[in-house]
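The primary structure of each chain is shown beneath.
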Amino acid sequence: MTLLEPMDVETLKAIAGHGDDKTAIRDVIHYTYFMGENEDNARAFAKALFAEGFHDVAIGQPNADAGDTGFVVRAHHDGTLIESDIGERLSTIRKLAESFSGDYDGWEAALALEA
């Protein structure tokens, strides 16, 4: 079963409205946040993402200069924006984020314009 949340559906509609070819394989980037000093959970989550086929997984502290001790995990997967395909990947990453006490924040992908 795939899981698309309302914001995912809206994003897919907006992308389609710009002439996107949803069947084109492209890089999809995901963001998950870990609040407070939760580096161990962020690292375990990143390792679990690799095991599920995500790539270019990176951990950072984007607001460390402002005293924020939280972490962000950015991960990529190559896939289409067909609802069942993206939905499966979203289901996987959201379940993993929840199991490691992370807050999945969303995804982005470049347009793949039809010829």
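Scroll up a little and you will see the structure.
Please read all numbers here as calculations on a predicted model, not as lab measurements.

## Observations concerning the overall build of the protein
Part 1 of the argument: On a plain count of helices and strands, the protein comes out with three helices and four strands.
Part 2 of the argument: Each helix and strand of the protein, ordered N terminal to C terminal, gives the series α-β-α-β-β-α-β.
Part 3 of the argument: Overall size of the protein, expressed as C-alpha extent along the three principal axes, is 45 × 30 × 25 Å.
Part 4 of the argument: Counting across all 115 residues of the protein, residues that qualify as buried make up 37%.
Part 5 of the argument: A fraction of 76% describes how many contacts in the protein between residues 6 or more apart in sequence connect residues 24 or more apart.
Part 6 of the argument: Working note: accessible area of the protein is about 6700 Å², and carbon and sulfur atoms make up 51% of it.
Part 7 of the argument: Taken together, the 9 basic and 22 acidic charged side chains of the protein have centroids lying 4 Å from each other.

## Examining the packing of aromatic side chains
Part 1 of the argument: If you walk through the whole model with that rule in mind, you get two aromatic pairs.
Part 2 of the argument: Ring geometry for Phe45 versus Phe100: centroids 6.3 Å apart, planes at 65 degrees, classification edge-to-face. Placement of Phe45 in helix α2 (residues 39-51) and of Phe100 in the loop between α3 (83-99) and β4 (103-109) is noted, with a sequence separation of 55 residues between them.
Part 3 of the argument: Among the residues examined, Phe45 registers a relative accessible area of 0% and is labelled buried.

## Observations concerning α2
Part 1 of the argument: For α2, with 13 residues, the first-to-last C-alpha span of 19 Å sits near the 18 Å given by 1.5 Å per residue.
Part 2 of the argument: Turning to α2, its buried residues are Ala42, Phe45, Ala46, Ala48 and Leu49. The arc that holds every buried residue of α2, seen down its axis, measures 165 degrees, which confines them to one face. The outward face of α2, more than 90 degrees from its buried face, is lined by the exposed residues Asp40, Lys47 and Ala51.
Part 3 of the argument: On its buried face, α2 is in contact with β1 (26-34), β2 (55-60), β3 (71-79) and α3.
Part 4 of the argument: Gly53 sits one or two residues past α2 and shows a positive phi near 95 degrees.

## Section: the pattern of salt bridges
Part 1 of the argument: As enumerated under the stated definition, the model contains five salt bridges in all.
Part 2 of the argument: Residue Lys22 pairs with Glu83 through a salt bridge whose shortest N-O separation is 3.2 Å. Of this pair, Lys22 sits in the loop between α1 (6-17) and β1 while Glu83 sits in helix α3; the two residues are 61 residues apart in sequence, bridging distant segments of the chain.
Part 3 of the argument: Given the relative accessible area of 38%, Lys22 is considered partly exposed.
Part 4 of the argument: Each of Glu5, Asp8 and Arg94 takes part in a single network of salt bridges with overlapping partners.

## Here we look at the packing of α2 against α3
Part 1 of the argument: Their axes nearest at 10 Å, the elements α2 and α3 cross at an angle of 155 degrees. The angle between α2 and α3 places the two elements in the roughly antiparallel class. Here α2 and α3 pass one another in a crossing that is right-handed. Between α2, through Phe45, Ala48 and Leu49, and α3, the contact on the second element is made entirely by Ile93, Leu96 and Ala97.

What counts and how
- Residues numbered from 1 in each chain as written.
- Predicted model: local features only at pLDDT ≥ 70, side-chain atom pairs only at ≥ 80, totals over all residues.
- Heavy atoms only, no water.
- Helix = DSSP H or I, 4+ residues; strand = E, 2+ residues; numbered from the N terminus.
- Buried < 20%, exposed > 50% of the residue type's maximum accessible area, 1.4 Å probe, protein only.
- Contact = heavy atoms within 4.5 Å.
- Areas by Shrake-Rupley, 256 points an atom, 1.4 Å probe, with all protein chains shown as cover.
- Lys, Arg positive; Asp, Glu negative; His and termini not counted.
- Charge placed at Lys NZ, Arg CZ, Asp CG, Glu CD.
- Phe/Tyr/Trp six-rings, centres within 6.5 Å; stacked < 30°, edge-to-face > 60°.
- Expected span 1.5 Å × (residues − 1).
- Arc of directions from axis to C-beta.
- Salt bridge = Lys/Arg side-chain N within 4 Å of Asp/Glu carboxyl O.
- Axes fitted to C-alpha atoms, helices over the stretch in contact; angles between N-to-C directions.
- Parallel < 35°, antiparallel > 145°, perpendicular 65-115°, else oblique.
- Left-handed = near helix turned anticlockwise from the far one by under 90°.

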